[in-house]
Amino acid sequence: MSTKEAIARLDAAVSALGAVDLSEWSDETLRAHLLELSVALCQVDAALSRVADEVRARGFQVEEPALAGG
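Every value quoted in this text rests on a predicted model; they were computed, and no experiment measured them.

Draft legend 1. The arrangement of the overall build of the protein chain in detail. Looking only at helices and strands, the protein chain features 2 helices and 0 strands. In terms of overall size, the protein chain is more extended than a compact globule, its C-alpha atoms giving a radius of gyration of 16 Å where 70 residues would be expected to give roughly 11 Å. Structurally, the protein chain occupies a C-alpha span of about 45 × 30 × 20 Å along its principal axes. Accessible surface computed for the protein chain: about 6400 Å², of which carbon and sulfur atoms make up 59%. Of note, the protein chain has its 6 positive side-chain charges centred 10 Å away from the centre of its 12 negative side-chain charges.

Listed below in structure tokens is the structure:
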């Protein structure tokens, strides 16, 4: 996968996660999908940790970028 494609996929994942609004879910719906949600969150966490660890293993830091104008 090209670098451009990898960054595009990461951006798409961030966009997809940003679109999730659990405030629209009832407690019953959340309870019904809690296992699926938990599995997905753990998979996302593991994938992000792996990528961050690979960056750090190369001697770079993962830093939060300063917001433009902020």
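Draft legend 2. Main features of the pattern of salt bridges. One pass over the full model with this rule turns up 3 salt bridges. The partner of Glu5 in a salt bridge is Arg9, with the nearest N and O atoms 3.1 Å apart. With Glu5 and Arg9 both in helix H1 (residues 3-18) and 4 residues apart, the pair spans about one turn of that helix. Between Arg50 and Glu54 there is a salt bridge, and its shortest N-O distance comes to 2.9 Å. A residue pair is termed a helical-turn pair when its members lie 3 or 4 positions apart in one helix, as Arg50 and Glu54 do in helix H2 (residues 27-57) at 4 residues. The partly exposed category is assigned to Arg50, whose relative accessible area is 46%.

Draft legend 3. Just H2, in detail. Along its length, H2 shows its largest kink, about 60°, at His33. Note on H2: the residue one or two positions beyond its end, Gly59, has a positive phi of about 90°.

Draft legend 4. Structural context of the environment of Ala6. On the secondary structure map, Ala6 appears in helix H1. Placed 23 residues apart in sequence, Ala6 and Thr29 show a C-alpha to C-alpha distance of 33 Å.

Draft legend 5. Spotlight on the environment of Thr3. Take Thr3: it is sitting in helix H1. For the pair Thr3 and Trp25, spaced 22 residues apart in the sequence, the C-alpha separation amounts to 36 Å.

Conventions and cut-offs
Residues numbered from 1 in each chain as written. Predicted model: local features only at pLDDT ≥ 70, side-chain atom pairs only at ≥ 80, totals over all residues. Heavy atoms only, no water. Helix = DSSP H or I, 4+ residues; strand = E, 2+ residues; numbered from the N terminus. Rg over C-alpha atoms; globule rule 2.2 N^0.38 Å. Areas by Shrake-Rupley, 256 points an atom, 1.4 Å probe, with all protein chains shown as cover. Lys, Arg positive; Asp, Glu negative; His and termini not counted. Charge placed at Lys NZ, Arg CZ, Asp CG, Glu CD. Salt bridge = Lys/Arg side-chain N within 4 Å of Asp/Glu carboxyl O. Buried < 20%, exposed > 50% of the residue type's maximum accessible area, 1.4 Å probe, protein only. Bend = angle between axes of the 7 residues up to and from the residue.

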